[in-house]
Amino acid sequence: LFRLPPSVHLAASALGPAGRQNLNVGLMALVPDESVFQAMTRALAAGLLHAHPEFKRGGFLDQAWLDLFFRWYSSLPRGGLVNWSRVASIVNLEAAHACPVPDDAELPSTFLELPLALIWGGAAADL
């Protein structure tokens, strides 16, 4: 994790089918950021994501909420596995090149039921 470029703000192990790219919050690392923390606080206080079907599918647990939050708050597609050979050989590598989006990436059906773009305040950060 310490070899990841600064452009990578969140790293986590996967949970479930690889194409779904769900986060496993039991093993994750975040770059501390006050604006992200404040956005999380506002989203929790307003209940912005509480009615989303993905949160319900995840059992209303913290893992489901964190996964949903980062999908909602990020303006960038969720990357895939770290390409360690690129990370080791290129200085200032962009996150999209360090962790490219897999070809088989798919959104769970709950995101088709209620697209995150319809929830106010999303896609606010390049994470």
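Scoring rules and cut-offs
Residues numbered from 1 in each chain as written. Predicted model: local features only at pLDDT ≥ 70, side-chain atom pairs only at ≥ 80, totals over all residues. Heavy atoms only, no water. Helix = DSSP H or I, 4+ residues; strand = E, 2+ residues; numbered from the N terminus. Buried < 20%, exposed > 50% of the residue type's maximum accessible area, 1.4 Å probe, protein only. Core = buried A, V, L, I, M, F, W, Y, C linked by side-chain atoms within 4.5 Å.

K.L.:
How should unusual backbone geometry be read in this particular structure?
P.N.:
Note: most peptide bonds trans; most residues except glycine with negative phi. A positive phi angle is found at Phe60, which is not glycine, with a value near 60 degrees. Within the element layout of this structure, Phe60 appears in the loop between helix H2 (53-57) and helix H3 (62-73). For Phe60, a relative accessible area of 48% corresponds to the partly exposed category.

K.L.:
Explain the nonpolar core here, please?
P.N.:
One recurring pattern in soluble globular proteins: nonpolar side chains tend to sit buried together. Of all hydrophobic cores here, the largest spans 18 residues; its most connected members are Leu49, Trp65, Phe69, Trp72 and Tyr73. Among the elements of the structure, helix H1 (34-46) and H3 are those that each provide at least two residues to this core. The element that contributes the greatest number of residues to this core is H3, accounting for eight residues. Ranked by size, the runner-up nonpolar core spans seven residues in total, among them Leu4, Val8, Ala11 and Ala98.

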